[in-house]
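Residue-level listing of the chains:
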Amino acid sequence: MKNSVALLIILFLLFTGKAVSQNAVVDSIITRGIHQIYTLDFANAETTFRKLISDYPENPAGRFFLATIDWWKILVDIDNEANDDLFFQKLEDVIYQCDKILESNPDDVNALFFKGGAIGFRGRLRAIRESWLKSVDDGREALPIVQHAAKLDPNNKDVLLGFGLYNYYAAVIPDQFPLVKPLMIFFPSGDKAKGIEQLNEVAHTGKYSKYEAQYFLMTLYSNNEGNPYKADEYATSLLKEFPNNPVFVRWKGRIAVQRGATVEYFTMFQNIYAKCLNKEYGYNEKTKREAAYYLGLYYKTYSRPDSALFWFKQTADLSRHVDKDETTGFLVNAVLYAGMMSDALGKREDAISLYNQTLDLKKYGTSHENAKLYLQTPYKLN
């Protein structure tokens, strides 16, 4: 539910504040700064956008992109709320500056775009933090602002990102998550096919929003459309441009799992696990847990129960540490699979204990049915 409503509010991210610039110099500065953000070169990105603020104080672009640095700090470690307050404050600075501009010129396209984008970002984080009513209010506030800007500048390709996201998720989410349907009375209906078309156009022709469009196409093809091969096209493109971005690296690995590319995902998650051990930026304990799980899955697939058992036990231990009171699929599957691997190794008593532990956990998929089955009949390798 948390992710579904977050996706609903993503519709109003409207990253289109990037769409208007004053001149070629500003254009090049923004492009360089965006690239620095996606490579997680935050120190240089901050220098870039603070210089933009200094040289062009009347342009809200500098303050907007300064806030996006904090957004990526949040995105890399989504459960860490340490950067939330600063991010919200920076967005308020953008909104305040845009409001001052709009007081004298209500049709200033630049100010409209950046104000809509800032409100959309605010709503997106509020949704992730499960502040649903505030996030919906932000969505309602942002949409007409950016629609107004789009009418004033109809040739802008970047604006299609926001509309593409809206059209896609407004059509998909109510059917997949019925509890969200009541929220949709506040918004226009969506169009899934049109949304994908708009996102693809931005991904290929967008000036500043193409990477964001590629990111969302990657995730929607992976999570919603059941097309990991199409998702992999965007993951590959993003990693080619930003090979050290841990968010894109993780997605590439997950999509390889979906594609059944066992050797590829094994190599990727080995590297990810090593980066976690080295405590590289963006590689935290949850990432380590994910890597351990997929390494276990690889060895299970290739009938290596000893190695698989090692990784599944590590997955379970890490899950209990990082998930706290939450029961995740990683924990449930890891415990169940550890039982299966114990059975395969002839450790029946250990297996029975692990199956019973599985039954004590919240049901995930067919976990309880499988645990009961293997309590009756020991699991055997195919």
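Residues numbered from 1 in each chain as written. Predicted model: local features only at pLDDT ≥ 70, side-chain atom pairs only at ≥ 80, totals over all residues. Heavy atoms only, no water.

**What to know about the overall build of the chain**
When its secondary structure is counted, the chain shows 18 helices and zero strands. A compact globule built from 382 residues should have a C-alpha radius of gyration of about 21 Å, and the chain, at 23 Å, falls within 12% of that. Projecting the C-alpha coordinates of the chain onto the three principal axes gives extents of approximately 75 × 45 × 35 Å. The proportion of buried residues among the 382 residues of the chain is 56%. Considering only residue pairs separated by 6 or more positions, the chain has 64% of its internal contacts joining residues 24 or more positions apart. (Helix = DSSP H or I, 4+ residues; strand = E, 2+ residues; numbered from the N terminus. Rg over C-alpha atoms; globule rule 2.2 N^0.38 Å. Buried < 20%, exposed > 50% of the residue type's maximum accessible area, 1.4 Å probe, protein only. Contact = heavy atoms within 4.5 Å.)

**What about the environment of valine 146?**
Mapped onto the secondary structure, valine 146 falls in helix H7 (residues 132-152). Judged by relative accessible area, which is 0%, valine 146 ranks as buried.

**Overview of the packing of helix H16 (residues 329-344) against helix H18 (residues 367-376)**
Each pair of packed helices can be described by the angle between their axes along with the distance between the axes. Taken N-terminus to C-terminus, the directions of H16 and H18 make an angle of 20 degrees; their axes are 11 Å apart at the nearest point. On the basis of their axis angle, the class for H16 and H18 is roughly parallel. Handedness of the H16/H18 crossing: left-handed. Side by side, H16 and H18 meet where Val332, Leu336, Met340 and Asp343 of the first sit next to Ser367, Asn370, Ala371 and Tyr374 of the second. In terms of residue class, the contact of H16 with H18 is made up of five nonpolar, two polar and one charged. (Axes fitted to C-alpha atoms, helices over the stretch in contact; angles between N-to-C directions. Parallel < 35°, antiparallel > 145°, perpendicular 65-115°, else oblique. Left-handed = near helix turned anticlockwise from the far one by under 90°. Nonpolar A, V, L, I, M, F, W, Y, C, P; charged D, E, K, R; others polar.)

**So, the confidence of the model for the chain**
Per-residue pLDDT for the chain has a mean of 89; in total, 92% of the residues score no lower than 70. In the predicted structure, residues 4-21 sits below a pLDDT of 50 and forms 82 contacts with residues beyond four places in sequence or in another chain. (pLDDT = per-residue confidence, 0-100.)

**Quick word on the nonpolar core**
With 126 residues, the main nonpolar core has Trp71, Trp72, Tyr215, Met218 and Phe248 as its most contacted residues. With eleven residues, the single largest contributor to this core is helix H4 (residues 61-76). Residues contacting methionine 218, with those up to four places away along its chain left out, are Ala231, Tyr234, Ala235, Leu238, Phe248, Trp251 and Ile255. (Core = buried A, V, L, I, M, F, W, Y, C linked by side-chain atoms within 4.5 Å.)

**Examining unusual backbone geometry**
The phi angle at serine 303 is positive, at roughly 55 degrees, despite the residue not being glycine. Given a relative accessible area of 37%, serine 303 falls into the partly exposed group. Of note in this structure, lysine 324 is not a glycine but carries a positive phi near 55 degrees. Mapped onto the elements, lysine 324 comes out in the loop between helix H15 (305-322) and H16. With relative accessibility at 70%, the residue lysine 324 sits in the exposed group.

**So, the side chain of lysine 115**
As for its position among the elements, lysine 115 is in helix H6 (residues 109-128). At 2.7 Å, the side chain of lysine 115 and the side chain of aspartate 99 are in polar contact. Each residue touching lysine 115, except ones within four places of it in the same chain, is listed here: Ile95, Cys98, Asp99, Leu102, Glu141 and Ile145. (Polar contact = N/O pair within 3.5 Å; in protein donor to acceptor, adjacent residues only side chain to side chain.)

**Description of the environment of proline 243**
Note on placement: proline 243 falls in the loop between helix H11 (228-241) and helix H12 (246-259). Once the C-alpha coordinates of proline 243 and valine 146 are considered, the two residues, 97 residues apart in sequence, prove to be 32 Å apart.

**As for the packing of helix H14 (residues 285-301) against H16**
Two elements in contact, H14 and H16, have axes whose closest approach is 11 Å; the angle formed by their N-to-C orientations is 30 degrees. Relative to H16, H14 is oriented so that their crossing is left-handed. The residues of H16 that touch H14, namely those facing Arg289, Glu290, Tyr293, Leu297 and Lys300, are Phe330, Asn333, Ala334, Tyr337, Met340 and Met341. Per-class residue counts for the contact of H14 with H16 are seven nonpolar, one polar and three charged.

**With respect to the pattern of salt bridges**
Per the counting criterion, the structure on display carries 23 salt bridges. Notably, a salt bridge pairs aspartate 343 with arginine 348, separated by 2.9 Å at the nearest N-O pair. Ionic contacts of the salt-bridge type, sharing partners, join the residues Asp232, Lys252, Arg259 and Glu264 into one network. (Salt bridge = Lys/Arg side-chain N within 4 Å of Asp/Glu carboxyl O.)

**Points about the packing of aromatic side chains**
Scanning the model with the defined rule gives 37 aromatic pairs in all. Centroid distance phenylalanine 266 to tyrosine 298: 4.0 Å. Interplanar angle 25 degrees. Geometry classified as stacked. Of the two residues, phenylalanine 266 sits in helix H13 (residues 262-277) while tyrosine 298 sits in helix H14, which places them 32 residues apart along the sequence. Pair check on accessibility: phenylalanine 266 and tyrosine 298 agree, each one buried. Ring centres 5.3 Å apart and planes at 85 degrees place the aromatic pair tyrosine 374 and tyrosine 379 in the edge-to-face group. Here the two residues tyrosine 374 and tyrosine 379 agree in accessibility, since each one is buried. One aromatic cluster is present, built from ring pairs that chain together Tyr265, Phe266, Phe269, Tyr293, Tyr294, Tyr298, Tyr299, Tyr302, Phe312, Phe330 and Tyr337. Stacked on the ring of phenylalanine 88, the Lys or Arg arginine 126 has its end atom at 5.8 Å from the ring centre. (Phe/Tyr/Trp six-rings, centres within 6.5 Å; stacked < 30°, edge-to-face > 60°. Lys NZ or Arg CZ within 6 Å of the ring centre and 35° of its normal.)

**Some words on the side chain of glutamate 290**
If you trace the backbone, glutamate 290 turns up in helix H14. Judged by relative accessible area, which is 7%, glutamate 290 ranks as buried.

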